[in-house]
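Residue strings, one per chain:
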Amino acid sequence: MSALDGAVVAVAGAGGAAGRAVLLRLAEAGATVVASDADPLRLHEAVDAARYAHGGATVIGDTVDLLDLDATRDWATRTEKEFGRIDGLVHLVGGWRGSKSFAETDPADWDFLEKLLIRTVQHTSLAFEDGLRRSDRGRYLLISAAGAAKPTAGNAAYGAAKAAAEAWTLALADAFRKAGGEEGPRAAAAILVVKALVHDAMRAERPNAKFAGFTDVTELAEAIAGVWERPAGEVNGNRLWLTEKP
């Protein structure tokens, strides 16, 4: 029996290729999946695909403005009230802005990425912390990038935003550690680190590209599901590398 069987997991940013793969994998593992995305059409398509692939699975979509803390808290409360528990939040909200050189960095890129990559992490973590602590298998998972540890000249804003999101997630992990006391944490916050993600459509568009070091979205989904198979104390506060460390 899967550790996710009967679990209730929320997925933020579920409408993209990675989101689709994660919804499919979580549903396959027996979880009830509550997905959100800023794009209602993409969300609807992703949810339908997961339902179709796994008949009988409970996969629902909920359009939520994650830049609104109250709306995010309402999402968390509504989910726990409807299903009686909340066992996970997978944070897939992503985006990228960059430049050819450090000198050409546009501060407006930071304004964009701060909202997308940091503010949404702040809001989902604050909204879901209590519910995850009440769970016997609560997990908060941030998908991050190797560039947070070794930013390049043209990725100053992106690398800094990812690093800030990681720091915030590690603070949540410390809260889980302190709440667990001598027995250790019951819930965990962890960071899955990739160089970049790749999926079939990207390969079809660029058949000669090697995508060296990239993580396939199906591999990411498998790694996410696998976090529930490991004890909370083993993963809490850790970076789980799915690519070579820089």
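A quick note: this is a predicted structure, and the numbers were derived from the prediction, not measured. (Residues numbered from 1 in each chain as written. Predicted model: local features only at pLDDT ≥ 70, side-chain atom pairs only at ≥ 80, totals over all residues. Heavy atoms only, no water.)

Novice: Any chance you could explain the overall build of the protein chain here in plain terms?
Specialist: When its secondary structure is counted, the protein chain shows eight helices and nine strands. Taken against the 2.2 N^0.38 rule, which gives 18 Å for 246 residues, the C-alpha radius of gyration of the protein chain at 17 Å falls within 12% of a compact globule. For the protein chain, the spread of C-alpha atoms along the principal axes amounts to about 50 × 40 × 35 Å. Counting across all 246 residues of the protein chain, residues that qualify as buried make up 46%. The contacts of the protein chain with a sequence gap of at least 6 include a subset with a gap of at least 24, amounting to 72%. Put simply, the protein chain shows about 11800 Å² of open surface, and 51% of that area lies on carbon and sulfur atoms. Distance between charge centroids for the protein chain: 3 Å, based on 28 positive and 34 negative side chains. (Helix = DSSP H or I, 4+ residues; strand = E, 2+ residues; numbered from the N terminus. Rg over C-alpha atoms; globule rule 2.2 N^0.38 Å. Buried < 20%, exposed > 50% of the residue type's maximum accessible area, 1.4 Å probe, protein only. Contact = heavy atoms within 4.5 Å. Areas by Shrake-Rupley, 256 points an atom, 1.4 Å probe, with all protein chains shown as cover. Lys, Arg positive; Asp, Glu negative; His and termini not counted. Charge placed at Lys NZ, Arg CZ, Asp CG, Glu CD.)

Novice: In this structure, what is going on with the pattern of salt bridges? I would like to understand it.
Specialist: Side chains that differ in charge, positive against negative, can pair when their charged atoms come close. Under the defined criterion, the tally for this structure stands at 20 salt bridges. The shortest N-O distance in the salt bridge between aspartate 109 and arginine 97 comes to 3.7 Å. With aspartate 109 in helix 4 (residues 107-134) and arginine 97 in the loop between strand 4 (88-91) and helix 4, the pair connects residues that are twelve residues apart, well separated along the chain. Relative accessible area serves as the criterion here: at 10%, aspartate 109 is assigned to the buried category. (Salt bridge = Lys/Arg side-chain N within 4 Å of Asp/Glu carboxyl O.)

Novice: Honestly, the packing of helix 1 (residues 17-28) against helix 7 (residues 217-227) in this entry has me stumped. Any pointers?
Specialist: Remark: helix 1 packs on helix 7, axes separated minimally by 8 Å, with the N-to-C direction vectors making an angle of 45 degrees. Here helix 1 lies oblique to helix 7, going by the angle between them. Relative to helix 7, helix 1 is oriented so that their crossing is right-handed. Only Val217, Thr218, Leu220, Ala221, Glu222, Ile224 and Ala225 of helix 7 make contact with helix 1, whose side of the interface consists of Ala17, Ala18, Ala21, Val22 and Arg25. When its residues are assigned to classes, the contact of helix 1 with helix 7 shows nine nonpolar, one polar and two charged. (Axes fitted to C-alpha atoms, helices over the stretch in contact; angles between N-to-C directions. Parallel < 35°, antiparallel > 145°, perpendicular 65-115°, else oblique. Left-handed = near helix turned anticlockwise from the far one by under 90°. Nonpolar A, V, L, I, M, F, W, Y, C, P; charged D, E, K, R; others polar.)

Novice: Is there a simple way to explain the environment of valine 8 in this structure?
Specialist: Mapped onto the secondary structure, valine 8 falls in strand 1 (residues 8-12). The exposure class of valine 8 is buried, given its relative accessible area of 3%. Ignoring any residue separated from it by four or fewer positions in sequence, one finds valine 8 in contact with Thr32, Val34, Thr79, Phe83, Arg85, Ile86, Asp87 and Gly88.

Novice: Would you take a moment to explain helix 3 (residues 69-83) for this structure?
Specialist: Given 3.6 residues to a turn, an α-helix orients residues that are three or four positions apart in the same direction. With 15 residues, helix 3 should reach 21 Å at 1.5 Å per residue; the first-to-last C-alpha distance of 21 Å fits that figure. By the burial criterion, the buried members of helix 3 are Thr72, Trp75, Ala76, Thr79 and Glu80. For helix 3, the angular spread of the buried residues around the axis is 120 degrees, confining them to a single face. In helix 3, the exposed positions that point more than 90 degrees away from the buried face belong to Asp70, Thr77, Lys81 and Glu82. Where the residues of helix 3 are buried, they touch strand 1, strand 2 (32-36), strand 4 and helix 4. The N-terminus of helix 3 is capped by aspartate 68, whose side-chain oxygen sits 3.0 Å from the backbone nitrogen of aspartate 70. Backbone geometry just after helix 3 places glycine 84 at a positive phi near 85 degrees. (Expected span 1.5 Å × (residues − 1). Arc of directions from axis to C-beta. Polar contact = N/O pair within 3.5 Å; in protein donor to acceptor, adjacent residues only side chain to side chain.)

Novice: Just checking my understanding: could you explain the pairing of strand 6 (residues 188-194) for this structure?
Specialist: Taken residue by residue, a regular strand's side chains alternate between the two faces of the sheet. When you tally the buried positions in strand 6, you get seven out of seven residues, the bulk of the element. Side-chain alternation along strand 6 places Ala188, Ala190, Leu192 and Val194 on one buried face and Ala189, Ile191 and Val193 on a second face that is also buried. Direction of pairing for strand 5 (residues 139-145) relative to strand 6: parallel, over a ladder of seven bridges. By the bridge assignment for strand 6, serine 144 is matched with valine 193. Handedness of the crossover joining strand 5 and strand 6 through helix 5 (residues 156-180) is recorded here as right-handed. Where strand 6 meets strand 9 (residues 239-241), three bridges bridge the pair, whose relative direction is parallel. Note that in strand 9 the partner of valine 193 across the bridge is tryptophan 241. (Pairing = 2+ DSSP bridges. Right-handed = clockwise from strand over helix to strand, strands pointing away.)

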